[in-house]
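Understanding the architecture of this molecule
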Amino acid sequence: MIRVALVDDQPLVRMGLATIIGAEDDLELVGEAGDGREALAMLRRSRPDVVLCDIRMPVLDGLGLLEQVSREESLSAVRVVMLTTFELDDYVFEALRLGASGFLLKDAAPSRLLDAIRVVADGGSLLAPSVTRRVIEEIGASRRSARRHPRLDDLTEREKEVVAWVATGRSNAEIADALVVSPDTVRTHVSRAMVKLGARDRAQLVVFAVESGLRTD
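The sections below set out a description of the structure shown in this document.

Conventions we followed
Sequence order sets the numbering: in each chain, residues are counted from 1 along the sequence as written. Where totals are concerned, whole chains, interfaces and linings use all residues; where local detail is concerned, this predicted model gives features only for residues with pLDDT of at least 70, and gives and counts side-chain atom pairs only at 80 or more. The basis for every side-chain value is the complete set of heavy atoms in the structure, and neither hydrogens nor water enter the calculation. Whenever Lys or Arg places a side-chain nitrogen within 4 Å of a carboxyl oxygen from Asp or Glu, that contact is recorded as a salt bridge. Helix and strand assignments follow DSSP, with helices taken as H or I runs no shorter than four residues and strands as E runs no shorter than two, numbered in order from the N terminus. When accessible area is computed with a 1.4 Å probe and restricted to protein chains, residues below 20% of their type maximum are described as buried, those above 50% as exposed, and intermediate ones as partly exposed. Only heavy atoms enter the contact rule, under which two residues are in contact if any of them lie within 4.5 Å. In protein, a polar contact means a hydrogen-donor-capable atom and an acceptor-capable atom, both N or O and within 3.5 Å, with residues adjacent in sequence counting only if both atoms are side-chain atoms; elsewhere, any N or O pair within 3.5 Å suffices. What makes two strands pair is DSSP finding at least two bridges between them. Axis geometry follows a simple rule: fit a line to the C-alpha atoms, using only the stretch in contact for helices, then measure angles between N-to-C directions, giving values from 0 to 180 degrees. Seen with the strands pointing away from the viewer, any crossover whose path from the first strand over the helix to the second strand runs clockwise is right-handed.

**A word on the pattern of salt bridges**
Taken as a whole and assessed by the stated rule, the structure comprises 13 salt bridges. With its nearest N and O atoms 3.2 Å apart, the salt bridge here joins Arg 14 to Glu 32. Linking Arg 14 in helix α1 (residues 11-22) with Glu 32 in strand β2 (residues 27-33), this pair joins segments that are 18 residues apart in sequence. You can call Glu 32 partly exposed: its relative accessible area is 36%. A salt bridge links Arg 187 to Asp 184; the shortest N-O distance between them is 2.4 Å. With Arg 187 and Asp 184 both in helix α9 (residues 183-197), this residue pair falls 3 residues apart, about one helical turn. Several salt bridges converge on common partners, so that one network encompasses Arg 148, Asp 153, Glu 157 and Lys 160.

Written out as C-alpha cells, the structure is:
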C-alpha cells in the first residue's frame, strides 16, 4: 500500500485528487493540508510515502515546505511531487534543487497522476527527457557552475561522465548506447554517484550536474 498526502490551498483541488486516489486499491490517502505549515505537522504525524504539493501556497509555500522536509532526517523517506499550473513554472528548478522528485501539471490526466505516484514511490522521478532538456536550457543554463557540488571530486571520471549524460535527459539505455556499455553498468554508475553526492533521486542528480557545469563535450 502506497501512503499518499495532499497539500494544496484549494479545497476543490484536494477533493478531486482525494477522489482519484481513493478509488485505487494500492493507494491510501493519509493526510491533507491547505498550507505548508499545516502540512509539515501533518507529515511528521503520518509519514507518507509520496506527497503531492502545490508550489504556491499561503503561510509557507511549497518550496519552504520542501526545504523543511529535505532537512529533517525523520522525513528522509518522504518523496515530494510538486504540483504546478505551468510546465516550466519559475520555481521548478529550485524545487528540484531542494529535493523534489519531480513535478506534475495540475491538469494532468488521472492516469498520469496515478502513474506518477507509483513511479515516485518506487524510487523513480518525474523528469521526462523532454522536460529535463527544457529545464536545463531555459532555467539551468544561466546558473551553470554557480553552485559546484562540494563532493563532486569524490566521483570517478567515469561517474562524472555518466552524470553529465544524465543531465542531458537521456535514459540509462540511451546513455549506454552512447558510451558503448551495458545499461546495468550505467545504472551502477548513476547509483554510486547519487550516494556520493547525496542526491535523493535522479531529478536532483540532474540539478547537481547542471549547477556543477558537467557536460558531455
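Having seen the model, we can carry on.
**What about the environment of Val 210?**
Topologically, Val 210 is positioned in helix α10 (residues 202-212). Assessed through its relative accessible area of 3%, Val 210 is described here as buried. In this structure, the C-alpha to C-alpha distance between Val 210 and His 149, residues 61 residues apart in sequence, is 10.0 Å.

**Comments concerning helix α2 (residues 36-46)**
Taken together, the buried positions of α2 are occupied by Gly 36, Ala 39, Leu 40, Met 42, Leu 43 and Ser 46. Tucked inside the fold, the buried residues of α2 contact β1 (2-7), β2, β3 (50-54) and α3 (62-71). Between the side-chain oxygen of the N-cap and the backbone nitrogen of Arg 37 there are 3.0 Å, and the N-cap of α2 in question is Asp 35. Backbone geometry just after α2 places Arg 47 at a positive phi near 45°.

**Regarding the sheet that holds β1**
Where strands meet in a sheet, backbone hydrogen bonds hold them as pairs that are either parallel or antiparallel. A sheet is described by the order of its strands in space; here 5 strands give the open sequence β2-β1-β3-β4-β5, paired in parallel fashion. Two strands bound the open sheet, and with one partner strand each, they are β2 and β5 (103-105). Mean inter-strand twist for the sheet, computed between neighbouring axes without regard to direction, equals 25°. Relative to β2, β1 is paired through 6 bridges, and the arrangement is parallel. Looking across to β2, one finds that Ile 2 is bridged to Leu 27. Of the strands in this sheet, β1, β2 and β3 touch α2, which is tilted by about 145° from β2.

**Quick word on the pairing of β1**
Of all the 6 residues making up β1, 5 are buried; the element is thus mostly covered by neighbouring parts of the structure. Viewed along the sheet, the connection from β1 through α1 into β2 turns out right-handed. Relative to β3, β1 runs parallel, the two being bridged by 4 bridges. Among the inter-strand pairings, Val 4 is bridged to a residue of β3, identified as Val 50.

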